[in-house]
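Analysis of the macromolecular model
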Amino acid sequence: ETYEGLTEEELQQNANVIGYGAVKYFDLRQNRISSYRFSYDEMLSLKGNTAVGLIYAYVRMRSIARKAGVANSDNLLTELEAQHPEGLSVALGTETEWALGLHLMRFSTTIDAMTEELAPNKMTDFLYELVTKFNAFYLQESILKAEDRDDKLLLCEVTAKILKEGLRLLGIGVLEKL
């Protein structure tokens, strides 16, 4: 039996990733010197600064790649490179593209701050802001039908890779499908 194309085993794996990620992310997003309030409702919400929301955004990013006709991110990059032998670059033409692109460039400084200050909440804040900027980009841009489709796909792909790596650094997994 499947649920929207997922087997029972995949559903169980998804539940484990989401459940574990929700608890861990909720704990790590707290500033270690402030008060802590435990809340399942807040932890499991799709809205706000939660692992569930971030994982959902990652699934959306992967769905865009699948709708573009590419099964996985390695193939997407390979396809785009083949179509652009002069090299890949992204032209940031709209305000939402600029906001997302500039935020992506802060990833390495966020890692530095997180490790120097022993503050994983620096990464959770970065990732939440990343997803917020991606969602604004996604809502404004017609990614798959745009004239500059490849630029937008590449921006989605880079965002997905940074989101996945940021969650990995926090010890949280991602899902390709929900």
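Higher on the page you've got the structure.
One structure accompanies this document, and this report is about it. (Residues numbered from 1 in each chain as written. Predicted model: local features only at pLDDT ≥ 70, side-chain atom pairs only at ≥ 80, totals over all residues. Heavy atoms only, no water.)

**Some thoughts on the overall build of the protein**
Worth spelling out the cut-off: Comment: elements are numbered from the N terminus, with helices defined as DSSP H or I runs of at least four residues and strands as E runs of at least two. Note on classification: 1.4 Å probe, protein chains only; a residue is buried when its accessible area is under 20% of the maximum for its type, exposed when over 50%, partly exposed between these limits. Between two residues, a contact is recorded if the distance between any of their heavy atoms is within 4.5 Å.
Counting its regular elements, the protein contains eight helices and zero strands. Moving toward the C terminus, one meets the helices and strands of the protein in the order α-α-α-α-α-α-α-α. By the burial criterion, 40% of the 178 residues in the protein qualify as buried. Counted over contacts in the protein with a minimum sequence separation of 6, partners at least 24 positions apart contribute 70%.

**Considering the nonpolar core**
Here is the rule: In this text, buried Ala, Val, Leu, Ile, Met, Phe, Trp, Tyr and Cys residues form a nonpolar core when linked through side-chain atoms within 4.5 Å.
Ranked by internal contacts, the top residues of the largest apolar core, which has 35 residues, are L127, L130, L163, L167 and L170. Those elements that place two or more of their residues in this core are α1 (8-28), α3 (51-67), α4 (73-83), α5 (95-104), α6 (107-117), α7 (121-140) and α8 (149-169). If one sorts the elements of this core by residue count, α8 sits on top with eight residues. Among residues more than four places away in sequence, those in contact with L167 are Y25, L54, L127, I172 and V174.

**Quick notes on the pattern of salt bridges**
As a reminder, the rule being used: Salt-bridge detection follows one rule: a side-chain nitrogen of Lys or Arg within 4 Å of a carboxyl oxygen of Asp or Glu.
Scanning the entire structure with this criterion turns up 10 salt bridges. With a shortest N-O distance of 3.1 Å, K152 and E141 are connected by a salt bridge. In this pair, K152 is assigned in helix α8 and E141 in the loop between α7 and α8, connecting sequence segments 11 residues apart. For the pair shown, K152 and E141 are each scored as buried. With a shortest N-O distance of 3.9 Å, R149 and D150 are connected by a salt bridge. For R149, a relative accessible area of 25% translates into the label partly exposed.

**Notes on unusual backbone geometry**
Positioned with a positive phi, L118 is a non-glycine residue whose angle comes to about 50°. The exposure class assigned to L118 is exposed, which follows from its relative accessible area of 64%.

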